[in-house]
Amino acid sequence: MPGFELFGPEEQKEVKDVMEQGFTFRYNFDAMRNGHWKARDMEQMLQEKMGVKHAHLLSSGTAALQTALAASGIGAGDEVIVPPFTFVASVEAVIMAGAVPVFAEIDETLCLSPEGIKAAITPRTRAVNLVHMCGSMAKMDEIKAICKEHDLVLMEDACQAIGGSYKGQMLGSIGDVGCFSFDSVKTITCGEGGAVITNNEAIYNHSHMFTDHGHDHVGSDRGAESHPIMGLNFRISEMNAAVGVAQLRKLDKIVEIQRRNKKLIKSAMADIADISFREIPDESGDSAGFLSFMLPTEARAVEINQKLAENGVDGCFYWYVNNWHYLKNWSHIQNLKSPAKLAIELLPERPDYTQVSTPKSDAIMSRTISMLIKLSWSEEEIAQRIENIKKAFA
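Here the structure is a predicted model, which means the values were calculated and not measured. (Residues numbered from 1 in each chain as written. Predicted model: local features only at pLDDT ≥ 70, side-chain atom pairs only at ≥ 80, totals over all residues. Heavy atoms only, no water.)

With that out of the way, let us pick up the domain arrangement of the protein chain. Domains assigned within the protein chain are domain 1 (3–250) and domain 2 (252–393). Once you take the C-alpha centre of each, domain 1 and domain 2 turn out to be 23 Å apart. Across the contact, 47 residues belong to domain 1 and 48 residues belong to domain 2. In this assembly, domain 1 packs against domain 2 so that about 3900 Å² is buried in total across both faces, 64% of it on carbon and sulfur atoms. Counting every contact that joins domain 1 to domain 2 gives 4 salt bridges. The interface formed by domain 1 and domain 2 contains 21 residue pairs in polar contact (both at pLDDT 80 or more). Listed by contribution, the elements that provide at least two residues to the side of domain 1 that touches domain 2 are helix 5 (89–96), strand 3 (100–103) and strand 6 (165–166). Sort the elements by how many residues they give to the side of domain 1 that touches domain 2 and helix 5 lands first, with 4 residues. Considering only residue class, the side of domain 1 that touches domain 2 consists of 24 nonpolar, 13 polar and 10 charged. (Domains from an automatic or database assignment. Contact = heavy atoms within 4.5 Å. Buried area = accessible area lost by both parts, 1.4 Å probe. Salt bridge = Lys/Arg side-chain N within 4 Å of Asp/Glu carboxyl O. Polar contact = N/O pair within 3.5 Å; in protein donor to acceptor, adjacent residues only side chain to side chain. Helix = DSSP H or I, 4+ residues; strand = E, 2+ residues; numbered from the N terminus. Nonpolar A, V, L, I, M, F, W, Y, C, P; charged D, E, K, R; others polar.)

So, about the UniProt feature "modified residue: N6-(pyridoxal phosphate)lysine" (unreviewed entry) in the protein chain. Residues annotated by UniProt as "modified residue: N6-(pyridoxal phosphate)lysine" (unreviewed entry) correspond here to K186. Only 3.1 Å separates the side chain of K186 from the side chain of D183, close enough to count as a polar contact. (UniProt positions renumbered as here; feature names shortened; annotations may be inferred.)

In this section: the sheet that holds strand 5 (residues 153–157). Spatial strand order, 1-9-8-5-4-2-3: 7 strands in an open sheet with mixed pairing. One side of each edge strand has no neighbouring strand; the edge strands of this open sheet are strand 1 (54–58) and strand 3. Within this sheet the neighbouring strands show an average axis-to-axis angle of 25 degrees, counted without direction. In this sheet, strand 9 (residues 194–198) lies alongside strand 1 in antiparallel orientation, the contact comprising 5 bridges. Paired with L58 across the bridge in strand 9 is G194. Sheet strands in contact with helix 3 (residues 38–50) are strand 1, strand 8 (177–181) and strand 9, and its direction is about 135 degrees off that of strand 1. Relative to strand 5, helix 7 (residues 140–149) is tilted by about 145 degrees, and along the sheet it contacts strand 4 (125–131) and strand 5. (Pairing = 2+ DSSP bridges. Axes fitted to C-alpha atoms, helices over the stretch in contact; angles between N-to-C directions.)

Turning next to unusual backbone geometry. Of note, L110 is a non-glycine position whose phi angle comes to about 70 degrees, a positive value. Within the fold, L110 resides in the loop between strand 3 and helix 6 (114–120). Since its relative accessible area comes to 0%, L110 is described here as buried. One non-glycine residue, D151, adopts positive backbone phi at about 55 degrees. If you trace the backbone, D151 turns up in the loop between helix 7 and strand 5. D151 sits in the exposed class, given a relative accessible area of 69%. (Buried < 20%, exposed > 50% of the residue type's maximum accessible area, 1.4 Å probe, protein only.)

What follows is about the environment of Q306. Summarising the element assignment, Q306 is placed in helix 11 (residues 298–310). In sequence terms Q306 and A392 are 86 residues apart; their C-alpha atoms lie 8.6 Å from each other.

Moving on to the pairing of strand 2 (residues 79–82). Side-chain alternation along strand 2 places E79 and I81 on one buried face and V80 and V82 on a second face that is also buried. Of the crossover connections in this fold, the one passing from strand 2 over helix 5 to the parallel strand 3 is right-handed. Inspection of the sheet shows strand 2 paired to strand 4 by 3 bridges, in the parallel sense. Note that in strand 4 the partner of V80 across the bridge is A127. (Right-handed = clockwise from strand over helix to strand, strands pointing away.)

A few words on the UniProt feature "active site" (unreviewed entry) in the protein chain. Residues annotated in UniProt with the feature "active site" (unreviewed entry) correspond here to K186. Note that K186 resides in the loop between strand 8 and strand 9. Given a relative accessible area of 13%, K186 falls into the buried group. Beyond its immediate stretch of four places on either side in the chain, K186 contacts M1, P2, G3, C159, Q160 and S181.

So this is what it looks like as structure tokens:
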């Protein structure tokens, strides 16, 4: 991770196809595109790779989240359970949908815990936005059972975890709807892009219409199409999809490299007395984009994070103080800062996000460091990295 480390002639060829023989708009204009349909190609590839009936490509992972909410019928006043450890988009999408984020505790999977979800359910809860953070998965059997028991939509935010799996099922394909991001620093990239996948035909139909102003995409004359629903413009271009086609063909190779590199470093760190590793419910399905480990105390985590930097071990993240990935640092969300009034502000019983408390999550994240696993490391660089890590702990 990220996929741009393996950019090569394959991506260039796909983009060249669009520039020389195709057309940049993803719909219609059949006569101008000479049979080139990059978005369609990537969607078909995603369906096959993820083992789902439907895949829809769009402009970003954030657009995928907002689309998944709308397509699943989640909107004004509905409560959606979210984790405090995630990228801000997982929460922003809920607010922009007019729904209400309800923060629940994580466990040492670094994902929402079954117990945390149960404790957060109210009569207004409609969905769980389950984020597979840092390439690995939550306790899916228990969480899926909870959602079924309470008739909740299970959304999988697998934006950081494409290529991972749980008991043979690809992450993103286990719940009602899954979301991926293909931005510049993801496991595979379109430059900018995202996807929604599902086995639910109604969710799929709402998705492709919602992302294109409600167009039903029936027939080959765009001007004659109907508009069964309202929507927005979250379309991806053929240029971005072209990059994604080449990258998706490399996904297995990318995950293989990540797993190999992570195994070497994790094995070398296993005898360090200070640390324990993140819990991974299905080790064989870890996409291995990150190596996450816990220290015994917050003070020790801060010290080790500094020591790693001093010893040249780059790509380490102490999320607890990170502006973009942990709730306690999101003053703009805590105070609902927006250039315009938000729908959530009209609700008489909205949560006070300045008072949200997630002590179990704090206890975990204050001790956790995640190390990015790169694709481009040579054997010599990995050996040097291991030596530098051990120096940091010495």
